[in-house]
Amino acid sequence: MPGRKFADGEVVMGRWPGSVLYYEVQVASYDDVSHLYTVKYKDGTELALKESDIRSLSSFRHRKSQSSSSSPSRRSSSRSRSRSPGRPAKGRRRSSSQSREHKDDRKKTIQETNLALLVLVFLFKPSENNTQSYNGEPDSTERNDTSCIILEQKSKPELEIQRVLEQYSLRPRKEERKKEEIYSEKKIFETRKTVEKATPKTKELEFGGRIGTFMMIFFLPATVFYLLLMCKQDDASLLNFPPPLPDLESLWEARVFGVFLLWFFLQALFYLLPIGKVVEGLPLSNGRKLQYRINGFYAFIFTAAIIGTLLYFQFELHYLYDHLMQFAVSAAVFSVALSIYLYIRSLKAPEEELAPGGNSGYFVYDFFTGHELNPRIGSFDLKYFCELRPGLIGWVVINLAMLLAEMKIHNQSMPSLSMILVNSFQLLYVVDALWNEEAVLTTMDITHDGFGFMLAFGDLVWVPFVYSLQALYLVGHPTAISWPVAAAITTLNCVGYFIFRSANSQKNNFRRNPADPKLAYLKFIPTATGKGLLVTGWWGFVRHPNYLGDIIMALAWSLPCGFNHILPYFYVIYFICLLVHREARDEHHCKQKYGLAWEKYCQRVPYRIFPYIY
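Residues numbered from 1 in each chain as written. Predicted model: local features only at pLDDT ≥ 70, side-chain atom pairs only at ≥ 80, totals over all residues. Heavy atoms only, no water.

K.L.:
Can you help me understand the overall build of the chain in this one?
P.N.:
Secondary structure assignment for the chain yields 23 helices and 11 strands. Evaluated residue by residue, the chain yields a buried proportion of 45% over its 614 residues. Considering only contacts in the chain between residues 6 or more positions apart, those separated by 24 or more positions represent 70%. (Helix = DSSP H or I, 4+ residues; strand = E, 2+ residues; numbered from the N terminus. Buried < 20%, exposed > 50% of the residue type's maximum accessible area, 1.4 Å probe, protein only. Contact = heavy atoms within 4.5 Å.)

K.L.:
How should I be thinking about the pairing of strand S3 (residues 36-40) in this particular structure?
P.N.:
Look at any regular strand and the pattern is simple: side chains alternate between the two faces of the sheet. When you tally the buried positions in S3, you get four out of five residues, the bulk of the element. Pairing of strand S2 (residues 22-31) with S3 involves five bridges; the strand directions are antiparallel. Paired with Tyr30 across the strands is Tyr37, a residue of S3. Remark: four residues form the turn of the hairpin made by S2 and S3, two consecutive strands paired antiparallel; His35 in that turn has positive phi of roughly 60 degrees. (Pairing = 2+ DSSP bridges.)

K.L.:
Looking at this structure, how should I read the sheet that holds strand S4 (residues 46-49)?
P.N.:
One key point about sheets: their strands pair by backbone hydrogen bonds, in either a parallel or an antiparallel sense. What the five strands build is an open sheet, ordered S4-S3-S2-S1-S5; its pairing is antiparallel. Unpaired on one side and paired on the other, S4 and strand S5 (54-56) mark the two borders of the sheet. For this sheet the average axis-to-axis angle between neighbouring strands, irrespective of direction, equals 50 degrees. (Axes fitted to C-alpha atoms, helices over the stretch in contact; angles between N-to-C directions.)

K.L.:
Is there a simple way to explain the packing of helix H20 (residues 483-512) against helix H21 (residues 545-558) in this structure?
P.N.:
When two helices pack together, their arrangement is captured by the angle between the axes and the distance separating the axes. At a minimum axis distance of 8 Å, the contact between H20 and H21 shows a crossing angle of 155 degrees. By the criterion of interaxial angle, the relationship of H20 to H21 is roughly antiparallel. Of the two elements, H20 crosses H21, and the hand of that crossing is left-handed. From H20, Ile489, Leu492, Asn493, Gly496, Tyr497, Ile499, Phe500, Ala503, Asn504 and Lys507 reach across to H21, where they touch Pro545, Asn546, Gly549, Asp550, Ile552, Met553, Leu555, Ala556 and Trp557. Of the residues belonging to the contact of H20 with H21, the class tally is 12 nonpolar, five polar and two charged. (Parallel < 35°, antiparallel > 145°, perpendicular 65-115°, else oblique. Left-handed = near helix turned anticlockwise from the far one by under 90°. Nonpolar A, V, L, I, M, F, W, Y, C, P; charged D, E, K, R; others polar.)

K.L.:
So what exactly am I meant to see when it comes to unusual backbone geometry here?
P.N.:
Excluding glycine, residues mostly carry a negative phi; peptide bonds, for their part, are mostly trans. Unlike most non-glycine residues, Phe207 shows phi in positive territory, near 55 degrees. The phi dihedral of Gln314 is positive, around 65 degrees, even though this residue is not glycine. Gln314 sits in the exposed class, given a relative accessible area of 63%.

K.L.:
I'm lost on the nonpolar core in this one. Help?
P.N.:
The nonpolar side chains of soluble globular proteins are, as a tendency, buried together. Formed by 116 residues in total, the largest nonpolar core has its most connected members in Met402, Trp462, Phe465, Tyr467 and Phe575. Leu519, Leu533, Ala597 and Cys602 belong to the second-largest nonpolar core, a separate cluster that totals 16 residues. (Core = buried A, V, L, I, M, F, W, Y, C linked by side-chain atoms within 4.5 Å.)

Structure (structure tokens):
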């Protein structure tokens, strides 16, 4: 095992991988497993370097002083001494070696001088597209006599010579300081991507690490079952714990599990239909771009046609309400089985295809967060499919079943106004997500998070059965609201939706084409990644305006349920906690990705989600 050479906190010179450029860095830590040093640049960016790419500051300065102190007279003196016949044979051998080294140095100097002259000739050669010189003569005359150009432009050659010399001696140019700073950040970003390929291990664990993720594997299903049980109680107070538990035999029914499988594979069939456009996702760590078929809205239309046909033939859709707990158990069992399959197949996946946030080396943590970034069976992308199809469309179907169940249980010819509001608001949200399906390709769920238990359970169980909590609550706890109250709640939902959609559209359009003339009014901060951080529009108002719109809509979904119990507002509380966690994760990720540009952005936009509050 090689020993450690540099200590934590030591200031050294670090080389950019793939180049000969050295920059002053500070050693932050050392990995005994990979034998890599984590170093910190002056702009706060951290990289992992090999020991061979790091040199001590003292040796670097010593070598520089040696090269600057040597003079032609001393080298001439050493040559005359080496040719003295009175020198011993050993000295003669040393002098011949020094002579060869001098010849090599001289040859190298001549090559560099010739290169500098060639650069100067190229710089001063007029463009071949111009047909005349500055004084009206054909530009061929000017190309044949480069010395005339140098004599005519007395000041420009000096500046260009100085620029070439500074380029070879790696000295910064004051007049281009700002450009070099942006270039330096960009080079660091490119190097970091290269290093991430070599060091894919996840160092910072989320969700409480191994212990936290282990507990959440059991806590999340228990929470779903508890909420569903409480909604069917006459007194839906969360303080009534524990709720009456059903028999274990009643939680499982093979027929229900078969219906769930039929639903899942029906949506998979819609996904595979050759309709809709095919788009490319964001570049992966290896530069490759995956292709995705955008046909989620078509899948929703086909599903609506099938549900309408079933209702026309008097199919009892409130069967979902009567067996909702069994459907939740079936979905949970399927999500666990899917998570096990995903983890087993990820063990054979290439290293560059692993998720940057789910490659810790700990089984429980990687199983929960997802080990593989984009697991695919041929062209069938499992994560992308589950993100929008079975759970999100299933949410709308469950809401519709709750509406029909309310009408049947309470002998109503029309659903209640509260139920209509809840169904309409959430239907708008789902249709918007499917209509703007392409936008999901830029989210962290697709670009950063692996596909494991967290997303599998969240997409297939949490979304359809927890997000439909308000509709389920209204079936057993009808709430009457007046038309003015309904109008006020509708206005609130429209405000939240407008903020959510306009903010997301602004961001997605800017990412796709920053040069779009329609976005000329937007101002941004350039970053080393080549992207820009918007500081005007919604993204200049707060850092996460889409989260603000989400929270306002979630509140509007819960208000039709009244204030008798806090249970319908569980979604609002959960959503705020979820978005605050995501916001903190986004802040950390953006700080690592954008460096100084993110700090400037935070100074320009101080509020995170709630203006003047947080």
